[in-house]
Amino acid sequence: MSAGTRQNFASGTPWEPVVGYSRAVRCGPHVWVAGTTSTGPDGRLVGEGDAYAQTVQALNNIAFALARAGANLRDVVRTRIYVTDIARWERIGMAHGEVFRDIRPASTIVEVRALVDPDMLVEIEADAYVQERQ
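What counts and how
- Residues numbered from 1 in each chain as written.
- Predicted model: local features only at pLDDT ≥ 70, side-chain atom pairs only at ≥ 80, totals over all residues.
- Heavy atoms only, no water.
- 1 Å grid on protein atoms, 1.4 Å probe; cavity = no way out; pocket = protein on both sides within 12 Å on 5 of 7 lines; lining within 4 Å.
- Points joined across faces, edges and corners; volume = space filled by probe spheres on them.
- Helix = DSSP H or I, 4+ residues; strand = E, 2+ residues; numbered from the N terminus.
- Nonpolar A, V, L, I, M, F, W, Y, C, P; charged D, E, K, R; others polar.
- Polar contact = N/O pair within 3.5 Å; in protein donor to acceptor, adjacent residues only side chain to side chain.
- Buried < 20%, exposed > 50% of the residue type's maximum accessible area, 1.4 Å probe, protein only.
- Expected span 1.5 Å × (residues − 1).
- Contact = heavy atoms within 4.5 Å.
- Core = buried A, V, L, I, M, F, W, Y, C linked by side-chain atoms within 4.5 Å.

Asker: Looking at this model, I keep getting lost on the layout of surface pockets. Mind explaining?
Answerer: By volume, the largest pocket amounts to about 560 Å³. Those elements that place two or more of their residues in the lining of the largest pocket are β3 (30-36) and α2 (51-68). A total of five residues in the lining of the largest pocket trace back to one element, the largest contributor, which is α2. Considered class by class, the residues forming the lining of the largest pocket number 10 nonpolar, 11 polar and three charged.

Asker: Explain the environment of E16 here, please?
Answerer: Along the chain, E16 turns up in helix α1 (residues 15-19). There is a polar contact of 3.3 Å between the side chain of E16 and the side chain of T13.

Asker: Looking at this model, I keep getting lost on unusual backbone geometry. Mind explaining?
Answerer: In terms of backbone geometry, most residues other than glycine have negative phi values and most peptide bonds are trans. Not every positive phi belongs to a glycine, and R104 is a case in point at roughly 55 degrees. With respect to the element layout, R104 can be found in the loop between α3 (89-100) and β5 (106-111). Classification of R104 by relative accessible area gives exposed; the value is 67%.

Asker: Explanation requested: α3 in the structure shown.
Answerer: An α-helix turns once per 3.6 residues; consequently, residues spaced three or four apart project the same way. Taking 1.5 Å of rise per residue, the 12 residues of α3 would be expected to cover 16 Å, and the 15 Å separating its terminal C-alpha atoms lies within 8% of that figure. Taken residue by residue, α3 has I92, A95, H96, G97 and F100 as its buried positions. On its buried face, α3 sits against α2, β4 (76-83), β5 and β6 (122-129).

Asker: What is the right way to read α2 from this model?
Answerer: When the terminal C-alpha atoms of α2 are compared, their 26 Å separation across 18 residues agrees well with the 26 Å that a helix rising 1.5 Å per residue should span. All of the buried residues in α2 are A51, Q54, T55, Q57, A58, L59, N61, I62, A65 and L66. The inward-facing, buried residues of α2 contact β2 (24-27), β3, β4, α3 and β6. The N-terminus of α2 is capped by D50, whose side-chain oxygen sits 3.1 Å from the backbone nitrogen of Y52. Looking one or two residues beyond α2, the residue adopting positive phi is G70, at roughly 80 degrees.

Asker: Sorry, what's going on with the nonpolar core here?
Answerer: Across soluble globular proteins, you tend to see nonpolar side chains buried next to one another. By size, the foremost hydrophobic cluster in this structure holds 23 residues, and its most contacted members are V31, V33, I62, L66, V122 and I124. Of all the secondary structure elements, the ones that give two or more residues to this core are β3, α2, β4, α3 and β6. Ranked by the residues each element gives to this core, the list is headed by α2, at six residues. Those residues in contact with V31 that lie beyond four places of it in its chain are A24, V25, R26, L66, A69, A71, A126, D127, A128 and V130.

Right, here's the structure in full:
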């Protein structure tokens, strides 16, 4: 992919065209994955009430978006984790660590007042840089 080429990747949710965003955008070696929650393939929330399960599902959704953009979790250089209850940080951090323990992206976790669905506890953004594969 040339440095100036932009590709948008949708996840197929009905609100992407309404709100005007893409699940992921790739420009050259850079991939940005929008805030991602724990929805399953059917669009329903996975892990209601369980911050660990929601984090696992959100990271699975990020991995899927990265793959569509020609990247993978090893390419992630930064994550941003938004949580509705910072007291749950250890369970959320545990799930994040299971994926990124050896990758070690720059990361931030912050508490927010609410997410779009009151049952959502975690939303994660990811930025990746895809190096030439040998």
